[in-house]
Amino acid sequence: MSNPLSQEEEAALVAELGQLRQEHRDLDAAIAALEQLGSPDRLQLQRLKKRKLNLKDRISYIEDMLTPDIIA
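Residues numbered from 1 in each chain as written. Predicted model: local features only at pLDDT ≥ 70, side-chain atom pairs only at ≥ 80, totals over all residues. Heavy atoms only, no water.

Student: Would you explain the pattern of salt bridges in this entry?
Tutor: Between side chains of opposite charge, a pair can form as their charged atoms come close. Per the stated rule, a full pass over the model turns up 5 salt bridges. Here E23 and R51 are joined by a salt bridge, their closest N and O atoms 2.9 Å apart. A residue pair is termed long-range when its members are at least 10 positions apart, and E23 in helix α1 (residues 7–36) and R51 in helix α2 (residues 42–66) qualify at 28 residues. Given a relative accessible area of 30%, E23 falls into the partly exposed group. Between E35 and K49 there is a salt bridge, with its nearest N and O atoms 3.3 Å apart. Taken together, the residues E35 in helix α1 and K49 in helix α2 connect sequence positions 14 residues apart. (Salt bridge = Lys/Arg side-chain N within 4 Å of Asp/Glu carboxyl O. Helix = DSSP H or I, 4+ residues; strand = E, 2+ residues; numbered from the N terminus. Buried < 20%, exposed > 50% of the residue type's maximum accessible area, 1.4 Å probe, protein only.)

Okay, structure coming up:
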């Protein structure tokens with residue numbers, strides 16, 4: 001069903017995946033820091049969590065693209 005990726009496309013996806021994972025970790029740290037505050041900014045916290053969820057979805061999508069289809 002899917003076309004195999006060229007080496008360039010795969011390399012670009014691997015690089016993007018690394019960047020997205022780093023941003024996901026950074027958001028995790030930012031969310032934890034905000035939650036440690038006595039009265040966290042709920043709107044900012046909500047936005048960070050939504051961004052983190054979007055990153056997780058994109059990471060999963062790229063991982064699926066990089067994983068070859070195995071017909072069982």
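Student: What exactly am I supposed to notice about the nonpolar core here?
Tutor: Generally speaking, soluble globular proteins have nonpolar side chains that are buried together. Core analysis: the biggest nonpolar cluster contains 11 residues, these being L13, L17, L20, L27, I31, L34, L45, L48, L55, I59 and I62. Among the secondary structure elements, those contributing two or more residues to this core are α1 and α2. Tallying contributions element by element places α1 first for this core, with 6 residues. With residues up to four places along the chain from it excluded, the contact list for L48 reads L27, A30, I31 and L34. (Core = buried A, V, L, I, M, F, W, Y, C linked by side-chain atoms within 4.5 Å. Contact = heavy atoms within 4.5 Å.)

Student: Is there a simple way to explain the packing of α1 against α2 in this structure?
Tutor: Angle between the axes and distance between the axes: these two values describe a pair of packed helices. Between α1 and α2, the shortest axis-to-axis distance is 9 Å and the interhelical angle comes to 155°. Here α1 lies roughly antiparallel to α2, going by the angle between them. Crossing angle aside, the handedness with which α1 passes α2 is left-handed. When its residues are assigned to classes, the contact of α1 with α2 shows 15 nonpolar, 2 polar and 12 charged. (Axes fitted to C-alpha atoms, helices over the stretch in contact; angles between N-to-C directions. Parallel < 35°, antiparallel > 145°, perpendicular 65-115°, else oblique. Left-handed = near helix turned anticlockwise from the far one by under 90°. Nonpolar A, V, L, I, M, F, W, Y, C, P; charged D, E, K, R; others polar.)

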